[in-house]
Amino acid sequence: MARCFVTRQLPGTALDRLAEVHEVDVWPERLPPDPDELRRRTAGARGLLSMVTDRIDGELFDGAPELEAVANCAVGYDNIDVEAAREHGVAVGNTPGVLTGATADLTFALLLSAARRLPQSAASVLEGDWVTWEPGAHLGYDVHGATLGIVGRGRIGEAVARRATGFDMEVLVHSRSCGVSLDELLERSDFVSLHCPLTPETRHLIDAGALARMKPTAILVNTARGPIVDPVALGRALHEGTIAGAALDVTDPEPLPADDPLLSAPNLLVVPHIGSASHAAREKMAELSVDNLLAALAGEPMPHAVT
Ligand code: DGY
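Brief notes about the site of the ligand
Consideration 1: The environment of the ligand is made up of Ala-74, Val-75, Gly-76, Leu-99, Arg-225, His-273, Ser-276 and Met-285.
Consideration 2: One nitrogen or oxygen atom from the main chain of Gly-76 is found 2.8 Å from an oxygen atom belonging to the ligand.
Consideration 3: One of the side-chain N or O atoms of Ser-276 is found 2.6 Å from an oxygen atom in the ligand.
Consideration 4: Against a free-state accessible area of 230 Å², the protein chains account for coverage of 89% of the ligand.
Consideration 5: Grouping the constituent residues of the shell around the ligand by class yields 4 nonpolar, 3 polar and 1 charged.

Looking at helix 10 (residues 231-240)
Consideration 1: Among the residues of helix 10, Ala-233, Leu-234, Gly-235, Ala-237 and Leu-238 are the ones counted as buried.
Consideration 2: Contact partners of the buried residues in helix 10: helix 9 (208-213), strand 9 (219-222), strand 10 (245-248) and strand 11 (268-270).
Consideration 3: Looking one or two residues beyond helix 10, the residue adopting positive phi is Gly-241, at roughly 75°.

Considering the pattern of salt bridges
Consideration 1: Applying the stated rule across the entire model yields 18 salt bridges.
Consideration 2: Taking the shortest distance from any N to any O, the salt bridge between Arg-41 and Asp-25 comes out at 3.0 Å. A residue pair is termed long-range when its members are at least 10 positions apart, and Arg-41 in helix 2 (residues 35-42) and Asp-25 in strand 2 (residues 23-26) qualify at 16 residues. In this structure, Arg-41 and Asp-25 share a single accessibility class: buried.
Consideration 3: Put simply, Asp-105 and Arg-163 hold a salt bridge, and the shortest N to O gap is 2.8 Å. Of the two residues, Asp-105 is situated in helix 5 (residues 100-115) and Arg-163 in helix 7 (residues 155-166); the sequence distance between them amounts to 58 residues.
Consideration 4: Judged by relative accessible area, Arg-163 falls into the partly exposed class, the value being 26%.
Consideration 5: A single salt-bridge network, built from bridges that share partners, covers Arg-3, Asp-25, Glu-37, Arg-40 and Arg-41.

Regarding unusual backbone geometry
Consideration 1: A cis amide bond, omega 0°, links Asp-252 with the succeeding residue Pro-253.
Consideration 2: In this model, Asp-168 sits at a positive phi of 55°, which is unusual for a non-glycine residue.
Consideration 3: For Asp-168, the location among the structural elements is in the loop between helix 7 and strand 7 (170-174).
Consideration 4: For Asp-168, a relative accessible area of 60% translates into the label exposed.

A short note on the domain arrangement of the chain
Consideration 1: Along its sequence, the chain is carved into domain 1 (3-98 + 279-297) and domain 2 (100-270).
Consideration 2: Look at where the C-alpha atoms of domain 1 and domain 2 centre, and you get two points 31 Å apart.
Consideration 3: In this complex, domain 1 contributes 7 residues to the contact, which on the side of domain 2 involves 5 residues.
Consideration 4: Around 500 Å² of area is buried between domain 1 and domain 2 when both sides are counted, 50% of it from carbon and sulfur atoms.
Consideration 5: Here domain 1 and domain 2 share 1 salt bridge between them.
Consideration 6: Between Arg-225 and Asp-78 there is a salt bridge; the shortest N-O distance is 2.8 Å.

Brief notes about the nonpolar core
Consideration 1: Grouped together as the largest cluster of nonpolar side chains are 47 residues, with contacts concentrated most on Leu-10, Leu-49, Leu-148, Met-169 and Phe-191.
Consideration 2: Residue assignment for this core shows that the elements contributing at least two residues are strand 1 (3-6), helix 1 (14-21), strand 4 (69-72), helix 5, strand 6 (147-151), helix 7, strand 9 and helix 11 (279-297).
Consideration 3: Broken down by element, the residue count for this core peaks at 8 residues, all from helix 5.
Consideration 4: When residues of this core are assigned to domains, at least three map to each of domain 1 (3-98 + 279-297) and domain 2 (100-270).
Consideration 5: For Met-169, the residues in contact, after removing those within four places along its chain, are Phe-108, Val-143, Gly-145, Ala-146, Leu-148, Ala-164 and Phe-191.
Consideration 6: Cys-196, Ala-218, Ile-228 and Leu-268 belong to the second-largest nonpolar core, a separate cluster that totals 29 residues.

Criteria and cut-off values
Residues numbered from 1 in each chain as written. Predicted model: local features only at pLDDT ≥ 70, side-chain atom pairs only at ≥ 80, totals over all residues. Heavy atoms only, no water. Near = heavy atom within 4 Å. Polar contact = N/O pair within 3.5 Å; in protein donor to acceptor, adjacent residues only side chain to side chain. Areas by Shrake-Rupley, 256 points an atom, 1.4 Å probe, with all protein chains shown as cover. Nonpolar A, V, L, I, M, F, W, Y, C, P; charged D, E, K, R; others polar. Buried < 20%, exposed > 50% of the residue type's maximum accessible area, 1.4 Å probe, protein only. Helix = DSSP H or I, 4+ residues; strand = E, 2+ residues; numbered from the N terminus. Contact = heavy atoms within 4.5 Å. Salt bridge = Lys/Arg side-chain N within 4 Å of Asp/Glu carboxyl O. Domains from an automatic or database assignment. Buried area = accessible area lost by both parts, 1.4 Å probe. Core = buried A, V, L, I, M, F, W, Y, C linked by side-chain atoms within 4.5 Å.

As structure tokens, then:
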């Protein structure tokens, strides 16, 4: 029996399977453990089930010499220093596939909401500003027939592209290995949707220069990772009308403080990192995380190992 620290309560029954075999310590609070608490609870553990909100680095591994496995309850793992894990002989796993559909659905929800100004229109009803049908009010942009630029050709990017065909959209793709150049994608797209991982190369990929290449009628959608977009440049682009709008599931930092200047930008829709937040997806993510931990602690390869 191994001691496992789970950094948040999880939906579904996956943790019951872990608790049948191992001693499970689940962080009970709504807010994640701070770095000191994370180190304290992980010291002495052989398994760690972590979230995107946990920073898993060399210092943590140094203080947890018995740690054998980290199962991140997410497909992205930019919160983990994978190189340090390798140096410390700690296996790392993630949860690919099971959140692809949910995240692609949310991407389209954001795209449609921003294009057709749903938040602004709904607010006008609640605020009593809807006094009559007006031919020139609440005008947005057509999604059908528009050009969608997808940055990143992973599972989620592909799933977004499939949804776009149902809207008769022209799809442009840019990735490291194929597709059009980023400049061409930015210049031709009515909607630019980000689906690449956060790496040193993609940090601030969408900076002032990139935003300046976009059409003034274009909308940026980010359901990948916040730091892929330079938030200062985005705020300026929205204030100056360089682009028509942005819809963000992820931000930098996360969450944005209530007084963050970006939040005062016009035509900005921000939701709280809910790409995978469907009952089914989150329960499957928990199951895959437990599968990864159980395998690693039994001395077997994780079924979803980060390589
Ligand atoms: C992921 O899985 O990487 C998401 O961002 C968290 O749901």
